[in-house]
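Here are the chains, one letter per residue:
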Amino acid sequence: SGYKVKCHLQSDATEVEVSFSAVGGRKVQKVDRRDPQRPWIEDANGHRPLELFFYDRLPPCVQYDIRGPSFGPHVSRVFEQRADGDGDGGDLDADALALSSQGRIDLRTS
């Protein structure tokens, strides 16, 4: 099992930065979500950058699925609702990963 957190922000919020950290663990680092193995992304110096999401203007709804142990969590899936309200926008990382995750964060505007 895991955690589920919801965060509601005003729809007119601008310049929003989203990051994650695990309780008793470390901050969430980037993985290559296009690869089913989800390997860590490393920079030229071998360091793993943090997973950060930036929004000049917020979409109506964004959902992040977070998996892994507290010492190695990662965002396995990002789902973003389209602003036109015509259904859903699908996975931002273009894979068909199921919603059975250890953690799920919903970011909604109101």
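Rules behind the numbers
Residues numbered from 1 in each chain as written. Predicted model: local features only at pLDDT ≥ 70, side-chain atom pairs only at ≥ 80, totals over all residues. Heavy atoms only, no water. Phe/Tyr/Trp six-rings, centres within 6.5 Å; stacked < 30°, edge-to-face > 60°. Helix = DSSP H or I, 4+ residues; strand = E, 2+ residues; numbered from the N terminus. Buried < 20%, exposed > 50% of the residue type's maximum accessible area, 1.4 Å probe, protein only. Pairing = 2+ DSSP bridges. Core = buried A, V, L, I, M, F, W, Y, C linked by side-chain atoms within 4.5 Å. Contact = heavy atoms within 4.5 Å. Salt bridge = Lys/Arg side-chain N within 4 Å of Asp/Glu carboxyl O.

Visitor: If you had to explain the packing of aromatic side chains to someone new, which residues and values would you point to?
Guide: If you walk through the whole model with that rule in mind, you get two aromatic pairs. Measuring from centroid to centroid gives 5.2 Å for Phe 20 and Tyr 64, while their planes differ by 65°, and the two rings are edge-to-face. Of this pair, Phe 20 sits in the loop between strand S2 (14–18) and strand S3 (53–57) while Tyr 64 sits in strand S4 (residues 61–67), placing them 44 residues apart in sequence. Each member of the pair, Phe 20 together with Tyr 64, is buried. Pairing Phe 53 with Tyr 64 gives two aromatic rings, centres 4.8 Å apart and planes at 50°, and the pair type is tilted. Remark: Tyr 64 occurs in strand S4 and Phe 53 occurs in strand S3; sequence separation between them is eleven residues. Tyr 64 carries the same exposure label as Phe 53, and that label is buried.

Visitor: So what about the pairing of strand S5 (residues 74–80)? Which residues, and what values?
Guide: Most of S5 is tucked away: six of the seven residues are buried. Looking at chain direction, S4 and S5 are connected through six bridges and run antiparallel. When the sheet's bridge partners are listed, Gln 63 is paired in S5 with Phe 79. The hairpin formed by S4 and S5 contains six residues between the paired strands, and Gly 68 there has a positive phi angle of roughly 105°.

Visitor: How would you summarise the nonpolar core if you had to cite specific residues and measurements?
Guide: What tends to happen in soluble globular proteins is that the nonpolar side chains get buried as a cluster. Of all hydrophobic cores here, the largest spans 13 residues; its most connected members are Val 18, Phe 20, Phe 53, Tyr 55, Tyr 64 and Val 75. Those elements giving two or more residues to this core turn out to be S2, S3, S4 and S5. A total of three residues in this core trace back to one element, the largest contributor, which is S4. Excluding its chain neighbours within four sequence positions, the residues that come into contact with Tyr 55 are Thr 14, Glu 15, Val 16, Val 18, Val 62, Tyr 64 and Glu 80.

Visitor: Pulling in residues and values, what's your account of the pattern of salt bridges?
Guide: Scanning all chains against the criterion turns up four salt bridges. A salt bridge links Arg 77 to Asp 65; the nearest nitrogen and oxygen atoms lie 3.7 Å apart. Here Arg 77, found in strand S5, pairs with Asp 65, found in strand S4; they are twelve residues apart in sequence, far enough to count as distant.

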